Amino acid sequence: MIELRVPWAAVRELRAEERTLPSTIRNLQRTEVDGSCQLHVAVSARTNVTAELHEPTLVRTPRGDEEVVSVSFWVDEPRPFVRTVRRQGAAGLTRRRPS
């Protein structure tokens with residue numbers, strides 16, 4: 001099991017979205033987009049919830065500290081999870097607006 005702690009106050013947006021990552025034996029994956037680090041805690045190389053952060057935030061990982069702009073992970077029921085977190089008003093999380 002991998003545990004990452006991200007303060008709720010750092011989370012700008014939480015959304016259910018499925019993502020497939022490059023297949024690997026590692027559950028914790030790191031990607032870079034435009035020079036910004038994203039962390040992924042994958043199950044079978046997939047995630048289904050993404051937490052976008054207000055700004056780059058230092059997160060302690062089993063491999064050391066990483067400054068990240070988002071964290072994605074897998075939960076069994078992503079939509080109910082996201083709804084519950086939003087309903088409880090965690091840090092005033094916003095919904096993703098359709099483009």
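Quick note: structure is the one above.
Residues numbered from 1 in each chain as written. Predicted model: local features only at pLDDT ≥ 70, side-chain atom pairs only at ≥ 80, totals over all residues. Heavy atoms only, no water.

Engineer: When you look at the overall build of the protein chain in this model, what are you seeing that I'm missing?
Structural biologist: Scanning the protein chain for helices and strands turns up 1 helix and 5 strands. Reading the helices (α) and strands (β) of the protein chain from amino to carboxyl end gives β-β-β-β-β-α. For the protein chain, the proportion of contacts with a sequence separation of at least 24, taken over those separated by at least 6, is 67%. Summed over all atoms, the accessible surface of the protein chain reaches about 6,600 Å², with 47% contributed by carbon and sulfur. (Helix = DSSP H or I, 4+ residues; strand = E, 2+ residues; numbered from the N terminus. Contact = heavy atoms within 4.5 Å. Areas by Shrake-Rupley, 256 points an atom, 1.4 Å probe, with all protein chains shown as cover.)

Engineer: Sorry, what's going on with the pairing of strand E2 (residues 28-33) here?
Structural biologist: In summary, the side chains of a regular strand alternate between the two faces of the sheet. Summarising the sheet, E2 and strand E3 (residues 36-41) pair through 6 bridges and their orientation is antiparallel. Residue Gln29 lies in a different strand from E3, and its bridge partner there is His40. The hairpin formed by E2 and E3 contains 2 residues between the paired strands, and Asp34 there has a positive phi angle of roughly 50°. (Pairing = 2+ DSSP bridges.)

Engineer: Just to check I follow, could you spell out the environment of Glu67 for this structure?
Structural biologist: Of note, Glu67 is situated in strand E5 (residues 64-73). Measuring from C-alpha to C-alpha, the distance between Glu67 and Cys37 comes to 6.7 Å, with 30 residues separating the pair along the chain. Once you skip the residues sitting within four places of it in the chain, Glu67 turns out to touch Cys37, Pro56, Thr57 and Leu58.

Engineer: I'm lost on the pattern of salt bridges in this one. Help?
Structural biologist: A side chain with one charge can pair with a side chain of the opposite charge if their charged atoms come near. One pass over the structure, following the stated rule, counts 10 salt bridges. The salt bridge partner of Glu3 is Arg5, with a shortest N-O separation of 2.7 Å. The class for Arg5 is exposed, based on a relative accessible area of 66%. Of the charged contacts, one joins Glu13 and Arg15 as a salt bridge, the two residues approaching to 3.3 Å between their closest N and O atoms. Given a relative accessible area of 7%, Glu13 falls into the buried group. Among the residues examined, Arg15 registers a relative accessible area of 9% and is labelled buried. Connected through shared salt-bridge partners, Arg12, Glu13, Arg15, Glu17, Arg19 and Glu52 make up one network. (Salt bridge = Lys/Arg side-chain N within 4 Å of Asp/Glu carboxyl O. Buried < 20%, exposed > 50% of the residue type's maximum accessible area, 1.4 Å probe, protein only.)

Engineer: What am I meant to see in the packing of aromatic side chains here?
Structural biologist: A ring pair, where both rings are aromatic, is described by two values, the distance of the centres and the angle of the planes. Under the defined criterion, the tally for this structure stands at 1 aromatic pair. Considering the side-chain rings of Phe73 and Phe81, the 6.0 Å spacing of their centres and the 90° angle between planes classify their relative orientation as edge-to-face. (Phe/Tyr/Trp six-rings, centres within 6.5 Å; stacked < 30°, edge-to-face > 60°.)

Engineer: I'm lost on the sheet that holds strand E1 (residues 11-20) in this one. Help?
Structural biologist: Adjacent strands of a sheet pair through backbone hydrogen bonds, lying either parallel or antiparallel. Pairing within the open sheet is mixed, and its 5 strands lie in the order E1-E4-E5-E3-E2. In the strand order of this sheet, the two ends are held by E1 and E2, each with one partner. Shown here is a sheet whose adjacent strand axes are inclined to one another by a mean of 40°, direction ignored. Relative to strand E4 (residues 46-61), E1 runs antiparallel, the two sharing 7 bridges. (Axes fitted to C-alpha atoms, helices over the stretch in contact; angles between N-to-C directions.)

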